[in-house]
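# Results of the structural survey
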Amino acid sequence: MQAEPEGFDRVLSSMCTEPHPSARDAAERFLATNPGDPGTYPTVADLEDRAVELLGELASLDDPSGYVASGGTEANIQAVRIARERARARGIDSPTVVLPESAHFSFRKAADLLDVSLTVVPTDAGHRVRLDAVRDAVDEETALVVGVAGSTEYGRVDPIPALGAIAHDYGALFHVDAAWGGFVLPFTDREWHFGHAPVDSMTIDPHKMGRAAIPAGGLLVRDDSLLDELAVDTPYLETTSQATLSGTRSGAGVASAVAAIETLWPDGYAAQYERSQENAEWLAARLSDLGYDVVDPTLPLVAADVPANTFEGLRDEGWRISRTASGELRVVCMPHVTRDKLAAFVDDLAAVGPRTPNAVADDD
Ligand SMILES: Cc1ncc(COP(=O)(O)O)c(C=O)c1O
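The notes below deal with the structure included here. This is a predicted model, so every value here is computed, not measured.

This part is about the sheet that holds strand β3 (residues 117–121). Strands sit in the order β1-β7-β6-β5-β4-β2-β3 across an open sheet of 7 strands; the sheet is mixed. Strand pairing shows two members of the sheet lacking a second neighbour, β1 (65–69) and β3, which therefore form its edges. Between one strand axis and the next, the sheet turns through 20 degrees on average, direction left out of account. Pairing of strand β2 (residues 96–100) with β3, which is carried by 5 bridges, proceeds in the parallel orientation. Looking across to β3, one finds that Val98 is bridged to Thr119.

Taken as a whole and judged by the stated rule, the model has 1 cavity of 30 Å³ or more. In this structure, the largest cavity encloses a volume near 30 Å³. Leu58, Ala59, Gly182, Leu185, Arg190, Met202 and Ile204 together form the lining of the largest cavity.

To continue, consider the sheet that holds strand β11 (residues 301–304). Reading across from one edge, β10-β11-β13-β12 is the order of the 4 strands in this open sheet, with antiparallel pairing throughout. Two strands bound the open sheet, and with one partner strand each, they are β10 (294–295) and β12 (322–323). Relative to strand β13 (residues 329–332), β12 runs antiparallel, the two being bridged by 2 bridges. Of the residues in β13, the one forming a bridge with Arg323 is Leu329. Set on the sheet, helix α9 (residues 267–289) makes contact with β10, β11 and β13; between it and β11 the angle comes to about 15 degrees.

Okay, the site of the ligand next. Lining the immediate surroundings of the ligand are 13 residues, of which Thr73, Thr152, Asp177, His207 and Lys208 lie closest. One of the backbone nitrogen or oxygen atoms of Gly72 is found 3.0 Å away from an oxygen atom of the ligand. In this structure, Thr73 approaches the ligand through a side-chain N or O atom, which is 2.6 Å from an oxygen atom. If you tally residues by element for the shell around the ligand, the top one is helix α3 (residues 72–89), at 3 residues. Partitioning the shell around the ligand into residue classes produces 2 nonpolar, 8 polar and 3 charged.

Reading the values: the criteria
- Residues numbered from 1 in each chain as written.
- Predicted model: local features only at pLDDT ≥ 70, side-chain atom pairs only at ≥ 80, totals over all residues.
- Heavy atoms only, no water.
- Pairing = 2+ DSSP bridges.
- Helix = DSSP H or I, 4+ residues; strand = E, 2+ residues; numbered from the N terminus.
- Axes fitted to C-alpha atoms, helices over the stretch in contact; angles between N-to-C directions.
- 1 Å grid on protein atoms, 1.4 Å probe; cavity = no way out; pocket = protein on both sides within 12 Å on 5 of 7 lines; lining within 4 Å.
- Points joined across faces, edges and corners; volume = space filled by probe spheres on them.
- Contact = heavy atoms within 4.5 Å.
- Near = heavy atom within 4 Å.
- Polar contact = N/O pair within 3.5 Å; in protein donor to acceptor, adjacent residues only side chain to side chain.
- Nonpolar A, V, L, I, M, F, W, Y, C, P; charged D, E, K, R; others polar.

Note that all results are geometric; they support no functional claim without further evidence.
Okay, here's the thing in C-alpha cells:
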C-alpha cells in the first residue's frame, strides 16, 4: 500500500484536526488494545476511567459516568437510547425527542434506529433555538430535550439552563451536544456548566477540539444509573455487563484522549481557544471587508454568504471547504488553521471573487 493521507494544509471546514504529538504517540502504543474487554485489557480500561474523569473536569461534573465512544454520533444515539428507556419506564409508548433545527444529523440516525420521533423546533435569527417553540413542542410524550453547545454550522450555543428547566418540568431528560464545543466552552463566558445547569447527559468529543486521535468521542452522564439503561449482560467476558454500543472498541482512541487532555488541560486548551477565536474574528472581518455577509463567530467558526461559483472556484484552488445547509461557506478555525493559511485563503478568495451574490447573478 503506497497511499498517504492528505495533509491539513488546505483543510478549513473539518471538525477534526491534527492529533497532538502526545496523542499520536499514545494511539500508536495502544493500537492493539480493546477497552471493551476490561478483563483482558485492564490498562486501557483504567485509562478510559481516567478519560471520563478528565472529561468531567472539563464539563465541571464531579464524579461523572460515561465512556469514550466512537464519536459524537454514537454518543448522541446513546443519549437518545437512555431517554427512550426512561420514557418507556414511565409508560410512554411513543417517545419523542425535541431538538433544534441546528442539531447534528446524528439525531436523525438515532430516531431511525430507536424508533422515536423527532420534533424539530426552529432557531432564531442568531441561530439559537427558540425557547417559545420548545415550550410549545414539549408534552407528556417527550423523552428528551436536546440543546446544542457549539452548533456544527454556526458554532452557536443554545440557552442551556432554560432548556434544561423546560425538559425537567415535563419529566424529560436533557441532553447537551457539545461534541465540538465542549473543549472551548470552559474558556468562554458561558453562564452554565454541568455544575449549575440541569444537564443529564452530554456529548463531548476528544477527537474534535480535544486533539485526540480518531476515534475518540465522549458520552458523559450525571447519574450512574442512566448508563444502566444501556447495559446488556456479557456472558463470555469477565465483566458482567456493557453499556457501550460497540463491543470491541479503539484503545488507541481512549489512550490518545487521555494523553491529549493531560497535556493540554487547561492551559494548552485555553491558548488554543484564544488563537482559534482570534483567527475566526480576523477572518470574519476580512470577509466582511470583501463584501460578504458574515455570521458573527461566537465560537471559532465563521459562516459567510459566498456565492456558489466562488465556492467552487476555491475548491478548484484546492481549499477543502464545505457549506451550511443554506449554502454559506463555513470555516472551522481548528488548531491547524493558522493565520497564515487564512491569509492565503483570503487572497485566493479575493482573486477568485466575485464580491457579491449579484455579481454571480450577472454571470449566470
Ligand atoms: C455538534 C456535533 N454533534 C455530533 C457530531 C457527530 O460527531 P462524529 O462525526 O464524531 O460522529 C458532530 C460532527 O461534526 C457535531 O458537530
